[in-house]
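Now for the letters of each chain:
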Amino acid sequence: MKVKIKKEGKVETFKLINSWADVTLSTWLQLIDFETGTKTEEATKTIEALSDIPKRLVQELSLSDVAAIMSKVGELQQEQDTKLKRIIEINGVEYG
């Protein structure tokens, strides 16, 4: 999914995950480690982990922008497949 951010008259496009299948194990570990801190910090760290938006730009987003992005992440959570997949792929080889 693409996110467009307008800053200083310029519009930049960044990528946000399309589904939870796009989340790597290392990213997932980052996400579950965010339990400390305020909700604002948790939201900004989640956006940083699930998108390619630079950290400095995430810090400058308005509250409404953060809420909109987190709403999209919430929609993805509701659509996720909750079945445990016992097959993983590493370097093009499936194991399981």
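Residues numbered from 1 in each chain as written. Predicted model: local features only at pLDDT ≥ 70, side-chain atom pairs only at ≥ 80, totals over all residues. Heavy atoms only, no water.

**Q** So, a nonpolar patch on the surface: which residues are in play, and what are the values?
**A** Where nonpolar side chains cluster on the molecular surface, the patch consists of Leu25, Trp28, Leu29 and Ile32 and spans about 420 Å² of accessible area. By secondary structure assignment, the location of Leu25 is in helix H1 (residues 25-32). Exposure remark for Leu25: the relative accessible area of 64% places this residue in the exposed category. (Patch = residues over 30% accessible without salt bridge, like charges linked within 9 Å, V, L, I, M, F, W, Y side chains within 5 Å. Areas by Shrake-Rupley, 256 points an atom, 1.4 Å probe, with all protein chains shown as cover. Salt bridge = Lys/Arg side-chain N within 4 Å of Asp/Glu carboxyl O. Helix = DSSP H or I, 4+ residues; strand = E, 2+ residues; numbered from the N terminus. Buried < 20%, exposed > 50% of the residue type's maximum accessible area, 1.4 Å probe, protein only.)

**Q** How would you explain the pairing of strand E1 (residues 2-7) if you had to name every residue and give the values?
**A** The sheet contact formed by E1 and strand E2 (residues 10-15) spans six bridges and is antiparallel. Its bridge partner being in E2, Lys4 is matched across the sheet by Thr13. Remark: two residues form the turn of the hairpin made by E1 and E2, two consecutive strands paired antiparallel; Glu8 in that turn has positive phi of roughly 55°. (Pairing = 2+ DSSP bridges.)

**Q** So what's going on with the environment of Asp65? Which residues, and what values?
**A** Checked against the element boundaries, Asp65 lands in helix H4 (residues 63-79). By relative accessible area, which is 37% here, Asp65 ends up partly exposed. Linking Asp65 and Ile5, residues 60 residues apart in sequence, is a C-alpha distance of 8.8 Å.

**Q** Give a detailed account of the layout of surface pockets, specifying residues and quantitative values.
**A** Estimates place the volume of the second largest pocket at around 190 Å³. Val3, Lys4, Ile5, Asp65 and Ile69 are the residues nearest the centre of the second largest pocket, which is lined by 16 residues in total. Mapped by element, the contributors of at least two residues to the lining of the second largest pocket are E1, helix H3 (55-60) and H4. A total of six residues in the lining of the second largest pocket trace back to one element, the largest contributor, which is E1. The class makeup of the residues in the lining of the second largest pocket is eight nonpolar, one polar and seven charged. (1 Å grid on protein atoms, 1.4 Å probe; cavity = no way out; pocket = protein on both sides within 12 Å on 5 of 7 lines; lining within 4 Å. Points joined across faces, edges and corners; volume = space filled by probe spheres on them. Nonpolar A, V, L, I, M, F, W, Y, C, P; charged D, E, K, R; others polar.)

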